[in-house]
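# Structural overview for review
Chain residues, written in single-letter form:
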Amino acid sequence: MFNYKIGIDCIDWQQLFQIYDEVGLVAGYGKKKDHDKICKAFEQSYKVVTAWRNEKLIGAARMLSDGVCYGMIFDVGVLPEYQKLGIGKGLIAGLLKENEHLCIHLTSTFGNEEFYRKLGFKHHKTAFAKYPYDSDYLA
Ligand SMILES: CC(C)(COP(=O)(O)OP(=O)(O)OC[C@H]1O[C@@H](n2cnc3c(N)ncnc32)[C@H](O)[C@@H]1OP(=O)(O)O)[C@@H](O)C(=O)NCCC(=O)NCCS
């Protein structure tokens, strides 16, 4: 029903921008519809996974990593009309494949913590973050 692709060569950028126009993410550049920044962020990522229904791009996620120790997952986004169909789970599985040796860090958006918990992620007791802007995510 859905298929997943790795890398950015397959990406139809207008369709990718559409996802983040709808769900936000990408450090606020999604909400601002700053497509150049989104494009550059994806191009410079370690691994990108996209979800497709035929020719329609319906979800995307990316990982930053050194490939040796750590990986960070960001911007897991599924078009609202395709959510709760297992696509987010498939995107994460695609990012983790062949990266099982890495310690993976991520932050959830509010309300989606259970999604990550169900996929086996644990709450990090001492995680810290520093943003160049005010954020409701920082205590
Ligand atoms: C969060 C998001 C990526 C989840 O993707 P999805 O395709 O809807 O999730 P899936 O269908 O793969 O869900 C996998 C499991 O998590 C559960 N789940 C998904 N979102 C959930 C939520 N918000 N609260 C509780 N459970 C949730 C599903 O019910 C499913 O459970 P099951 O395996 O027992 O059936 C998607 O809702 C989304 O794009 N949200 C907007 C953008 C966003 O905030 N992304 C998170 C960035 S950190």
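Taking an unreviewed UniProt entry as the reference, the protein is identified by name as Acetyltransferase belonging to Desulfosporosinus acidiphilus.

Take the packing of helix α1 (residues 13-23) against helix α2 (residues 35-43) next. Close contact between α1 and α2 brings their axes to 10 Å; oriented N to C, the two are set at 110°. In terms of their interaxial angle, α1 and α2 are classed as roughly perpendicular. Of the residues in α2, those in contact with Trp13, Leu16, Phe17, Tyr20 and Asp21 of α1 are His35, Ile38, Cys39, Phe42 and Glu43. Residues belonging to the contact of α1 with α2 are distributed by class as follows: 7 nonpolar, 1 polar and 2 charged.

Here we take up the sheet that holds strand β1 (residues 3-6). On the basis of which strands lie adjacent, the open sheet formed by 5 strands has the order β1-β2-β3-β4-β5 and mixed pairing. Edge strands, defined here as strands with exactly one partner in the open sheet, are β1 and β5 (103-105). Geometrically, the sheet is characterised by an average inter-axis angle of 25° between neighbouring strands, direction not taken into account. One ladder, built from 7 bridges, connects strand β2 (residues 47-53) with strand β3 (residues 56-65); its direction is antiparallel. When the sheet's bridge partners are listed, Val49 is paired in β3 with Ala61. Here α1 sits on the sheet in contact with β2, β3 and β4 (70-78), set at roughly 85° to β3.

Next up on the list: the nonpolar core. Residues Leu16, Tyr20, Phe42, Ile87 and Leu91 are the most contacted members of the largest nonpolar core, which totals 32 residues. At the level of secondary structure, the elements contributing two or more residues to this core comprise α1, α2, β2, β3, β4 and α3 (87-96). It is β3 that provides the largest number of residues to this core, a total of 5 residues. Once residues within four sequence positions are removed from consideration, Tyr20 is found in contact with Leu25, Val26, Gly30, Lys31, Ile38, Phe42, Ala60, Ala61, Asp75 and Gly77.

Parameters at a glance
Residues numbered from 1 in each chain as written. Predicted model: local features only at pLDDT ≥ 70, side-chain atom pairs only at ≥ 80, totals over all residues. Heavy atoms only, no water. Axes fitted to C-alpha atoms, helices over the stretch in contact; angles between N-to-C directions. Helix = DSSP H or I, 4+ residues; strand = E, 2+ residues; numbered from the N terminus. Parallel < 35°, antiparallel > 145°, perpendicular 65-115°, else oblique. Contact = heavy atoms within 4.5 Å. Nonpolar A, V, L, I, M, F, W, Y, C, P; charged D, E, K, R; others polar. Pairing = 2+ DSSP bridges. Core = buried A, V, L, I, M, F, W, Y, C linked by side-chain atoms within 4.5 Å. Buried < 20%, exposed > 50% of the residue type's maximum accessible area, 1.4 Å probe, protein only.

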